[in-house]
Each structure stands twice: as structure tokens, then as C-alpha cells.
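Observations on the three-dimensional arrangement
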Amino acid sequence: MLVVVTGISHKTAPLELREKLALDAEAALRVERELATRAGACEAVALSTCNRTELYAYAKDSLAASQAAVACLAEQAGVPVAELGPSVYSYSGDAAIAHLFRVTASLDSMVVGEAQIVAQMKAAYQGACEGGCTSVVFNRLFRRALEVGKRVRTETSIGERPVSVSSAAVELALQVFGKFRDHVVLILGAGETSELTATYLKAHGIERILVANRTYAAAEELARRVGGRAVPFEDLEGQLGAADIVVASTAAPHVVVTREHVERAMKHRRHRPLFLIDIAVPRDLDPAIARVDNAFLYDIDDLQHVVDENRHEREKEAAKAERIVAEELDEVRTWLRSLEVVPTIAGLRDSVEKIRRAELERLGNRLGDLSAEQRAQVELLTASIVNKILHAPTVRMKEAAGREECYLYVDAVRTLFGLNGSGCAGGEGERDDGGRGEGERDEGARAADDCRDGASGDA
Amino acid sequence: MEHVSAIVLWVAFLLYCGAFAMVLVAVFARHEGFNRLGLWLVAAAWALQTLAVALRAADAGRAPVVGAYESLTAVAWSVALVYLVLELFTRVKAIGLYVLPVVIGLLVAALVGYEAPRELEPALRSDIVVLHVIVMLTAVGALYVAGGAALLYVVEERQLKRRHLGGVLGRLPSLATLDRLIFHATLLGLPFLTMGMAAGVIRAETFDVERWWFDPMVLLSIAAWAVYAGLLWGRLRADWGGRRVAWLAVVGLVLMLVIRFAAVPYLSGFHTYGS
């Protein structure tokens, strides 16, 4: 069994393609389930942010899993697999876990050190967890990943000069306005990114925040949280006339603000500079707005420039974060291997024990004239032989559990003793007997029960 | 004394160049310390320039604003003063980036066309001429600063529009700052320009210069005045955005440079004294 990750990110795919592959919560769950049926993945998590769409699976055959993942993504987006091909990357085993940790630690983000990815990863994991798509391995792995994200943020200064998508936007706005005095911000869309951006702007001295959303109640709710005012979504032009900064991150599948909107609003606003940031995927703001005088429009890809600047300065901190990732990776690798070893040992013991019992039963008639005490002696003798024979292999395997070649042992033992049917590591099959297996199962069940509580503790 | 003054001015010029190099390092290598060093160098250079101008004035026994060498030096001096005041009293980043090239350019022009101090012509021995010259130098200093800010605005706005953000972000003054600088410098410069032109007209009338209104320098000056007046009017009363105001300031700067470096020495019929 291997962890496999397949996906596209800002490093491999342009915004146009990422837009198509973006998954909402519902689609994510659909893809996760699809992956389970198609590739026999025991556990699956789909992560979709504006910069990446990735499918994590715990499966037997990494190649099959990654192919199935590509097919799922292509189907979901309505794009031929061939078109997706060049943009897709896939890692399996340790590389996949390392990738997961690096993503959560925001080392793979467009803006290294940005804080949003932890929340996005948490949401992706929670969605999968509540949909019953995760179990022992992913419950532990993703919680570990969230921990890594947290550790990296607290133990390094990678996030001290915040340059997430939102704060990069704020930095850009400052280049136009110099200092926020009585500037007005218009937030379009009441999502999490909007809230984050509003909070950022507020921290930089913006006092007047207008929130517009198709659902007025959601706008009111966000306005209440950020200390702004909800305004009707229909009066977009009037709001554009009043605002200096527009942050668009609606979930609308089409353009919300057109060039004509902005041109007309410019007259109302006496041609004061209008700063527009489009952090929605698909985009909310018509790219043609950039050609309007005194209107400054930036979308997610534009922020890449800002990011490159800061990435350079953060290299040192990133190196520290990489060390943390490596450390955590070591730990989780040991655990994952033991996860394979323990059921194998249990399976081996079970299988031999079954043979012993069967043989004893078969001999039962012939031992008829033995006394109860003598029977007990035979029982003890056979059990002792079995234990003695199995002792060395058990010890050797446990020793190997933390090492690279542990897979070889597991494979050899399973093949030699015919222990097939290693099902999902969710606790089925041969796990039931081993004490450790039972424990794992408990943990799995517990994790599934409290995935929301447990994960929210990472906030 | 004349040579001492010239040598001191050369040293001041080199210090300005050094200061500009420091400002470049400060802006492009993001090293704040160099900006302060540059400011100190400018202060030292300006002090030396003041000394040079004073020596020259003492030597000639009159205000040192006669001829190209002296007047260009005086403009450079006033621009540097504006820079020091702005840098000390505002927290605008990287003013030196566009002010120092102006100072250095003016000094290069002055040093290239060096001339010995000469006697004041009878035609210029008048209070109103002294007023005219001083007021004009102030106006030109302020309007050059506005023009420099406008050039930077135009470049930065273009970079922002084209999304070449790397070189711009956090290094150059913000657009709003430059916009304010253009406005304030023009607001300072235009009244002085008006006064200076009025003094010139009065002088021309009292000396009965014929057809003075038809002189290229006068016509260009009126055009420049109209551009700056339009800029202020547009900025205050009409819906003119930062970009248009910046372009007007650039146009104004071009006109001012044409007047100083083409119209006055080559085209004007009566403004060329002593050549």
C-alpha cells in the first residue's frame, strides 16, 4: 500500500487550466469516491485551491491510482486526458508524503509561507473525513500534515512578513495609494478569502469596508465579522463609484464586473485610482478592465511577480522549514511501515496458529487416552514450537519496521506464507486479531468520529 | 576667487553624483542606510554649492544669476534645496531618484558652458530684473521637481499597468505620493512663474522692447503657463485622474527645458544678454 498524490498546481498549469479543474466540496467528494471505486483506493482526499488541485490516495497500485486520478480530474473538468497530461505530476510513497507536508507547510505555495493553505488543507481533509473517504492512514497523515503546517509557522519566521495572496494584494494596493487614509474597500463575495483580505486591509488601516454578495444574508454576516457594511449586490456600479479597492472572490462561474461597469463608475469617482484584485477562480473581473485609465487590475497570476520577490528573501526560512518537514517525514514513515509490518506479523501468527489448531484437532481422536494434564502438555508443546519458530522472524520484522527495506520483508513473508488479501488499512481482514491492529482500528474509528474537532484544534 | 568657486562647485558636483549612486543602491538593493548616506552627501554638496555661489557673488559684487553658468547653477541649487526640504519634512521614499538627476544634469550643463563672471549690463541693473530672476529660479526649481515626479509617475504607472511589479513594489514612492508631489510642487511653482512673467512683461514694457509678445520664448512661456494652470484647474475642479495630471507636468517640464535650453540661447530676440 502506498500514498499516491496526483494533481496540477501553479507550477505546472496556467490559470485557465486550474480554473477548469477547480473542485467545490461536492465535486471533491464525488472524485474521492470515484477514486475508491476505480483504483481501489482505500482512502482518498481531494485538495482544491486556486493554485492547485490534487488527489491523494492510499492504494495498492500507485500507477493505477495515478492514472485513475488523472482520468477523474479530466472527466470532472471536461478536458481530454491528453490535454491534462503535460501539466500533471504524480508522486508515490515517501515522495507523496513529503509533497503533502511541503504543501501544508506552504513550501510549495505560490507565496511561500502563506497561511491559507493550512485552512484549505484542513477543509479538504474534513470534507473527505466526513464523507467517509479517510481512515487510519489518512486520518493520521493529514492531521500530521496540519501539525507540520503549524510547526513551520511557529518555529520559523516564514510567515512573519506575510505575503499570502491577500497580503501581496495589500502590498500592491499600497504601491498605488501610499497609505490607507479614508479609502473604501468593496468586497465581492463572502468567502473565506474575502474575509482574510478584509482582515488584512483592516490591519493596514482601512476603516470602511463594503461587502456585496449575491446572498444578502451572507454579505451581512461577513460585514458583521469584519466590521463593514453590507450593500446590495445589484447596485454594483454605485458601489464601484464609492470604492477605491475592489477585492473579488465570488464563486460565480462568469465575469461579475465588466469593463463598462468600471468605465461608468470612473466618471462617478472623478477618476480617482481604482484598484481591483481578482482572487477568484474562475475570474470575476473582466481582464479588459486593465485598459481603463487609472484602474489597476491584478489577478492571481499577476501576484506571482510579488511572490518571486519575497520567495528570494524567504529562502533561508524555507530551508529551516524543509528540515522540519524532513523530521516529521521520518517519524511518519516509521509509523507507516510499522502499519504494514504489524498486520503482517499478526497475519503470520494467525496463519501458523490456525495450522497448529487444525493439526491438533485432526490428532484429537488418536490422543484419546491422554489425560487432561497430558493434553495440556501437548498443547503447550506445540504452542511453544510455533512460538520458537516465529520468534526470530517476528523480531526481525519488528526491527525492520523503521527501515527502508521493510517492504521487502513484508512482501517476502506475505508471499512465502501465502498471506494475501491485504485489504484497506482501515482495520479489516487480518488486522482483527493482532493487539496492535485492534488499537489502530480504534484510533481510526476515533479519528473518523472526531475529525472535525480534532482538526479544528489545529487552527 | 573665481577659480576657487569653480573648484568648490566641481567638488559639490562630484558629491551630488556620489549621492545619486547611494540613492540608487538604496532603492535597488533595498538598503535604507544608503539613502541616509545619500542625504548627507546631498547636504554636504549643497553646502559646498552655497559656498561656491557665495564666493562667485562676492567676486562679482552682485547676485550670481547672470549668464547660463550662474543661472543653471542657481536652479540646481534651488532644486537641491527643495529635495533636502522634501526629504527632511516628508517621509517620501526615493525622492533623490528623480531630483538628483535633475540637479546633476543642470550642473553638467553649467560646467560645460563655464564662463567667467562679467559685468552686469546697464539694461539689467534694475530691481525688477532681480525680482524677475529670483522668482523665475524658484518657479523653475519647483516645476522641475514636479516634472521629475511626473516622469517617475508615468514610468511607475506604466510598470504597474503592465504588471512588471518586481522593480516597482516597495521601492519607488507610491503613485498617490507622486501625485501629491506633482500637485504641490506645481502649486508652489505656478504663482512664482506668474510673478516672474509679470515682472518680465513690466520690464519689457518699460524698456519699450518691440513686439516682445511675439518672441518664441514669451510664447513658449505662455504655453507652459497655460499647461500648468490647466493642470491645477483639472486637478482641482475637473475629473482629471493622476495619469493625465502627470502627463501635463511632463509636457510642462519639456516646455520649460525647451525654453531654457533652446528658446533663450538660440531663438529669443531680446532675452540674450551679453552674448
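Just so it is clear, the structure is predicted and the values come from calculations on it, not from any experiment.

What counts and how
Residues numbered from 1 in each chain as written. Chains lettered and ligands numbered in written order. Predicted model: local features only at pLDDT ≥ 70, side-chain atom pairs only at ≥ 80, totals over all residues. Heavy atoms only, no water. Helix = DSSP H or I, 4+ residues; strand = E, 2+ residues; numbered from the N terminus. Contact = heavy atoms within 4.5 Å. Areas by Shrake-Rupley, 256 points an atom, 1.4 Å probe, with all protein chains shown as cover. Buried < 20%, exposed > 50% of the residue type's maximum accessible area, 1.4 Å probe, protein only. Polar contact = N/O pair within 3.5 Å; in protein donor to acceptor, adjacent residues only side chain to side chain. Pairing = 2+ DSSP bridges. Axes fitted to C-alpha atoms, helices over the stretch in contact; angles between N-to-C directions. Patch = residues over 30% accessible without salt bridge, like charges linked within 9 Å, V, L, I, M, F, W, Y side chains within 5 Å. Salt bridge = Lys/Arg side-chain N within 4 Å of Asp/Glu carboxyl O. Core = buried A, V, L, I, M, F, W, Y, C linked by side-chain atoms within 4.5 Å. Expected span 1.5 Å × (residues − 1). Parallel < 35°, antiparallel > 145°, perpendicular 65-115°, else oblique. Left-handed = near helix turned anticlockwise from the far one by under 90°. Nonpolar A, V, L, I, M, F, W, Y, C, P; charged D, E, K, R; others polar. Phe/Tyr/Trp six-rings, centres within 6.5 Å; stacked < 30°, edge-to-face > 60°. Lys NZ or Arg CZ within 6 Å of the ring centre and 35° of its normal.

**Let's talk about the overall build of chain B**
The helix and strand tally for chain B stands at eight helices and zero strands. In chain B, the order of α-helices and β-strands from amino to carboxyl end is α-α-α-α-α-α-α-α. Considering only contacts in chain B between residues 6 or more positions apart, those separated by 24 or more positions represent 80%. If you sum the accessible surface of chain B, you get close to 12600 Å²; carbon and sulfur atoms cover 71% of it.

**Some remarks on the overall build of chain A**
In terms of helices and strands, chain A carries 18 helices and 10 strands. Here the analysis covers contacts within chain A between residues at least 6 apart in sequence; of these, 74% occur between residues at least 24 apart. Carbon and sulfur atoms make up 52% of the accessible area of chain A, which amounts to about 20200 Å² in all.

**Digging into the side chain of Thr49 of chain A**
All names here are of chain A. Examined against the element boundaries, Thr49 turns out to sit in the loop between strand E2 (43-48) and strand E3 (52-59). With a relative accessible area of 11%, Thr49 lands in the buried category. A polar contact of 3.1 Å, which involves the side chain of Thr49, links it to the backbone nitrogen of Asn51. Once residues within four sequence positions are removed from consideration, Thr49 is found in contact with Ile117 and Gln120.

**Observations regarding the side chain of Gln239 of chain A**
Residue and element names in this part refer to chain A. Looking at the secondary structure, you find Gln239 in helix H11 (residues 236-242). Judged by relative accessible area, which is 8%, Gln239 ranks as buried. Those residues in contact with Gln239 that lie beyond four places of it in its chain are Leu186, Leu210, Val231 and Pro232.

**Description of the sheet that holds strand E4 (residues 89-92) of chain A**
Paired through backbone hydrogen bonds, the strands of a sheet run either parallel or antiparallel to each other. Residues and elements named next belong to chain A. Across the sheet, four strands lie side by side as E2-E3-E1-E4; this open sheet has antiparallel pairing. In this open sheet, the two edge strands, each paired with only one partner strand, are E2 and E4. Each strand axis lies, on average, 10° off the axis of its neighbour in the sheet, ignoring direction. Judged from the eight bridges that link them, strand E1 (residues 2-9) and E3 form a sheet pairing that is antiparallel.

**Quick look at a nonpolar patch on the surface**
Residues Trp213, Phe214, Leu219 and Ile222 of chain B make up a contiguous nonpolar surface patch of about 430 Å² in total accessible area. With respect to the helices and strands, the residue Leu219 of chain B is situated in helix H7 (residues 216-236).

**Remarks on the nonpolar core**
Among the nonpolar cores identified, the biggest contains 113 residues, and Ile245 and Phe275 of chain A together with Tyr16, Val79, Tyr144, Ile182 and Leu193 of chain B are the most heavily contacted of them. Sort the elements by how many residues they give to this core and helix H5 (residues 127-161) of chain B lands first, with 16 residues. Listed in part, the 44 residues of the second largest apolar core include Met1, Val136, Val325 and Val332 of chain A.

**Quick look at H7 of chain B**
All names here are of chain B. If you check H7, its first and last C-alpha atoms are 30 Å apart, about what 21 residues at 1.5 Å a residue would give, namely 30 Å. Where H7 is concerned, the buried positions are Met217, Val218, Ser221, Ala224, Val227, Tyr228, Leu231, Leu232 and Gly234. Capping the start of H7 is the job of one residue whose side-chain oxygen sits 2.9 Å from the backbone nitrogen of Met217: Asp215.

**Some remarks on the environment of Gly113 of chain A**
Residues and elements named next belong to chain A. By secondary structure assignment, the location of Gly113 is in the loop between helix H5 (94-104) and helix H6 (116-130). Among the residues examined, Gly113 registers a relative accessible area of 2% and is labelled buried. Sequence separation between Gly113 and Gly149 is 36 residues, and the spatial gap between their C-alpha atoms is 9.5 Å.

**Concerning unusual backbone geometry**
A positive phi is found at Ser106 of chain A, a non-glycine position, where the angle reads about 60°. Assignment of secondary structure puts Ser106 of chain A in the loop between H5 and H6.

**Describing the packing of helix H1 (residues 2-28) of chain B against helix H4 (residues 96-112) of chain B**
All names here are of chain B. At a minimum axis distance of 10 Å, the contact between H1 and H4 shows a crossing angle of 155°. When the axis of H1 is compared with that of H4, the two are roughly antiparallel. Read as a crossing pair, H1 and H4 show a hand that is left-handed. Seen from H1, the contacting residues are Leu9, Trp10, Phe13, Tyr16, Cys17, Ala19, Phe20, Val23, Leu24, Val27 and Phe28; seen from H4, they are Gly96, Leu97, Leu100, Pro101, Val103, Ile104, Leu107, Val108 and Leu111. Among the residues making up the contact of H1 with H4, the classes are represented as 19 nonpolar, one polar and no charged.

**Notes on the packing of helix H7 (residues 136-155) of chain A against helix H14 (residues 315-363) of chain A**
Residues and elements named next belong to chain A. As a packed pair, H7 and H14 sit with axes 10 Å apart at the nearest point and diverge in direction by 160°. Judged on the interaxial angle alone, H14 and H7 are roughly antiparallel. With respect to the hand of their crossing, H7 and H14 are arranged in right-handed fashion. Residue-level inspection shows Val136, Val137, Arg140, Leu141, Arg144, Val148, Arg151, Val152 and Glu155 of H7 in contact with H14, the latter providing Ala321, Ile324, Val325, Glu327, Glu328, Glu331, Val332, Trp335, Leu336 and Leu339. Of the residues in the contact of H7 with H14, the class split is 12 nonpolar, no polar and seven charged.

**Quick word on the pattern of salt bridges**
Residue and element names in this part refer to chain A. Going through the model one piece at a time under the given rule, you end up with 32 salt bridges over all chains. The salt bridge partner of Glu353 is Arg357, with a shortest N-O separation of 3.4 Å. One end of the pair, Glu353, and the other, Arg357, are both in helix H14, four residues apart, so they sit about a helical turn from each other. Overall, Glu353 belongs to the partly exposed group, its relative accessible area being 26%. On the accessibility criterion, Arg357 (42% relative accessible area) is partly exposed. Several salt bridges converge on common partners, so that one network encompasses Lys11, Arg52, Glu54, Arg102, Asp108 and Glu322.

**A few points about the sheet that holds strand E8 (residues 245-248) of chain A**
All names here are of chain A. With parallel pairing, six strands are arranged side by side in an open sheet as E7-E6-E5-E8-E9-E10. Two strands close off the open sheet at either side, each with one partner strand: strand E7 (229-231) and strand E10 (295-299). In this sheet, adjacent strand axes meet at a mean angle of 20° when their direction is disregarded. Here strand E5 (residues 184-188) pairs with strand E6 (residues 208-212) via five bridges, running parallel. When the bridges of E6 are listed, Val184 appears paired with Arg208.

**Topic: the packing of aromatic side chains**
What the rule picks out here adds up to 11 aromatic pairs over all chains. When the ring of Tyr58 of chain A is compared with that of Phe138 of chain A, the centres are 6.3 Å apart and the planes differ by 50°; the resulting orientation is tilted. Taken together, the positions of Tyr58 of chain A in strand E3 and Phe138 of chain A in helix H7 put the pair 80 residues apart, joining distant regions of the chain. The exposure classification of Tyr58 of chain A matches that of Phe138 of chain A, with both residues buried. Considering the side-chain rings of Tyr69 of chain B and Tyr114 of chain B, the 4.6 Å spacing of their centres and the 80° angle between planes classify their relative orientation as edge-to-face. Placement of Tyr69 of chain B in helix H3 (residues 67-89) and of Tyr114 of chain B in the loop between H4 and H5 is noted, with a sequence separation of 45 residues between them. Grouping aromatic residues by their ring pairs yields a cluster made of Tyr56, Tyr58, Tyr125, Phe138 and Phe142 of chain A. One Lys or Arg, Lys161 of chain B, reaches over the ring of Phe296 of chain A and ends 5.4 Å from the middle of that ring.

**Here's the deal with the pairing of E8 of chain A**
All names here are of chain A. Both faces of E8 are covered, namely the face carrying Ile245 and Val247 and the face carrying Val246 and Ala248. Pairing between E8 and strand E9 (residues 274-278): four bridges, direction parallel. For Val246, the partnering residue across the bridge sits in E9 and is Leu276.

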